[in-house]
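Structure at a glance
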There are 2 protein chains.
Amino acid sequence: MSTCQQCIIKQFNALRALGKDDLIRLSGCKTSKYITKGEVLFREGESINGVYCIKDGICKLTKLSANGKDQIVKLVVTGDLLGQRSLVSDEKSNLTAIAVNDMEVCFIPKREILHDLTRNASFSLDMLQEMAKELRIADNIIVDMAQKSVRQRLADLLLYLHTTFDVDEGGFLSVILSREDYANLVGTATESAIRILSQFKKEGLISTTGKQIKVVDFDGLKRVE
Amino acid sequence: MSTCQQCIIKQFNALRALGKDDLIRLSGCKTSKYITKGEVLFREGESINGVYCIKDGICKLTKLSANGKDQIVKLVVTGDLLGQRSLVSDEKSNLTAIAVNDMEVCFIPKREILHDLTRNASFSLDMLQEMAKELRIADNIIVDMAQKSVRQRLADLLLYLHTTFDVDEGGFLSVILSREDYANLVGTATESAIRILSQFKKEGLISTTGKQIKVVDFDGLKRVE
DNA sequence: CTTAAAACATGACAAATATCATATATTTTA
DNA sequence: TAAAATATATGATATTTGTCATGTTTTAAG
């Protein structure tokens, strides 16, 4: 079994701020878990009681809106922590986490993280910085949701997926999402998302083969309005 | 000149976690400032280099979207801190702050706050908790922006203003906003906001006298769809 | 007080998006 | 493999929202 100390994943999140002794302690009480595509890691309203460190895979954080539709609030990827927000504010989870592809995660109990947060200022400062970054991103999404058209938001999403998750040998986006996921990410009806993706294809901005999507004209997508 | 130690405002934000000595130190280097309605406290892209503690008044945090419209991301009120996010992540401000009514604020330089953040774990944990709360609120706003109609968002806003800022003797909302502000808060055209407010009035959900608005049927507004 | 400017209001119309219906393709299950 | 379930696609239409035009009211300035 691998230890947190050896694990390179910690470089990508606040755990990097911990020293050798703390990492050894975490290793001793962490559990690891494999989740297959589509499985639920935790649900809105549940107590998480710890933090997940994503060793591999991608998951979507969704919230059920009043009208019964799921909104995907963000995608969380390899290297990210999951559940810090609920842990810090001592609340049940505000969001549901569902695996977008097969995942490997480590679970670290709340008590251990709190131990470090209260004693290790550089760890809590690092976590504070991460959360500040998330907050800026969330504010920007609010503005985009409020002011941009569905067409623009969908173009932005494709650009985001292209730059953030990279592409495979064929140039296709390496994250495979359903059309419904696309709709739930930009906040529109599934039919609208499908329709606009078809338009993008006709306009030569993207090409598609089943669920696989390739960004053909990056700058063209940027200019969409 | 009043000291931070005596100031009751600190009860409402992370400064409550500081001890006597730290508060005395802050008092020594803080500056206070009066801002009149409509004045800009800081702009998007500026370095704030500190934190504002709002002693009195309300201000709106806006961001200019790609299409040239201002979106109000949140209202910040008496007791809140302003600028922590930029300070913590060491970035220029992502938002513009404009006074909605006359304000009194105290400015505390970055260096002093950082001093406490790196040394005082309970202070940085408290700030972390505040930011976690803000992040949950932001996530919920994203869902509402994406999934609710303009009519619902405007009804929600009236309910929020009613419960958060209370009402005057006549039952009118104590925050006076222009119709344009209402539009920029819910992310719609000014004409649309005006039109829907007129509808609410006809439907007996609110009553208005000039800029003053009174929530008449709270539960009715809740049921708006 | 009078005039100019800004804010508010509303109609008419255009554009964007949602909804419903239906068809086809793809995946899963038996 | 066949059948069922699910996902994708697209047309027709309704609804929501934005834009432009115009008039009225309120506020600010001289």
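Below or above, wherever it landed, is the structure these notes cover. If you're wondering where the values come from, they're calculated on a predicted model, not measured in any experiment. Starting afresh in each chain, residues are numbered from 1 along the sequence in its written order. Think of it this way: whatever chain is written first is A, whatever ligand is written first is 1, and the rest follow in order. Per-residue local features are limited, in this predicted model, to residues with pLDDT of at least 70; the limit for side-chain atom pairs, both in listing and counting, is 80 or more; totals at the level of whole chains, interfaces and linings are taken over all residues. The side-chain quantities take in all heavy atoms of the structure and omit both hydrogens and water.

1. Describing the pattern of salt bridges
Residues and elements named next belong to chain A. Here, a salt bridge means any Lys or Arg side-chain nitrogen found within 4 Å of an Asp or Glu carboxyl oxygen. Applying the stated criterion to the full structure yields 32 salt bridges over all chains. The salt bridge involving Asp-156 is made with Lys-148; its shortest N-O contact spans 2.7 Å. Through salt bridges with shared partners, one network takes in Asp-22, Arg-25, Arg-111, Glu-112 and Asp-116.

2. Let's talk about the pairing of strand β8 (residues 103–109) of chain A
Residue and element names in this part refer to chain A. Categorising residues by exposure relies on relative accessible area from a 1.4 Å probe, with only protein chains included: less than 20% of the type maximum marks a residue as buried, more than 50% marks it as exposed, and the intermediate range marks it as partly exposed. Each helix corresponds to a stretch of at least 4 residues labelled H or I by DSSP, and each strand to a stretch of at least 2 residues labelled E; elements are numbered beginning at the N terminus. Counting buried positions along β8 yields 7 of 7 residues, so the element is predominantly enclosed. Burial along β8 is two-sided: the residues Met-103, Val-105, Phe-107 and Pro-109 and Glu-104, Cys-106 and Ile-108 are all buried. Strands pair, by our definition, only if DSSP identifies at least two bridges between them. Sheet topology places strand β1 (residues 31–35) next to β8; 5 bridges connect them, and they run antiparallel. Considered in β8, the bridge of Lys-33 is made with Val-105. Pairing analysis gives 6 bridges linking strand β3 (residues 50–56) to β8, with the strands arranged antiparallel. Across the sheet, Asp-56 pairs through a bridge with Glu-104, a residue of β8.

3. Details of the protein's contact with DNA strand C
In the vicinity of DNA strand C lie 16 residues, with Val150(A), Thr188(A), Ser192(A), Arg179(B) and Ser198(B) positioned nearest. Only heavy atoms are used to decide nearness, and a residue is near a molecule or strand if one of them lies within 4 Å of it. Sugar and phosphate atoms constitute 59% of the interface atoms of DNA strand C, taking the interface as everything within 4 Å of the protein. Polar contacts here mean pairs of N or O atoms no more than 3.5 Å apart (in protein, one a potential hydrogen donor and the other a potential acceptor; neighbouring residues in sequence count only if both atoms are side-chain atoms). Thr188(A) has a polar side-chain atom sitting 2.3 Å from a phosphate oxygen of DNA strand C. At a separation of 3.1 Å, a base oxygen of DNA strand C approaches a polar side-chain atom of Arg195(B). Sorting the residues of the surface near DNA strand C by element identifies α7 (190–202) of chain A together with α6 (179–186) and α7 (190–202) of chain B as the ones contributing at least two each. In terms of residue count, α7(B) provides more of the surface near DNA strand C than any other element does, 4 residues in total.

It is worth stressing that arrangement in space is one thing and function is another; only the former is reported here.
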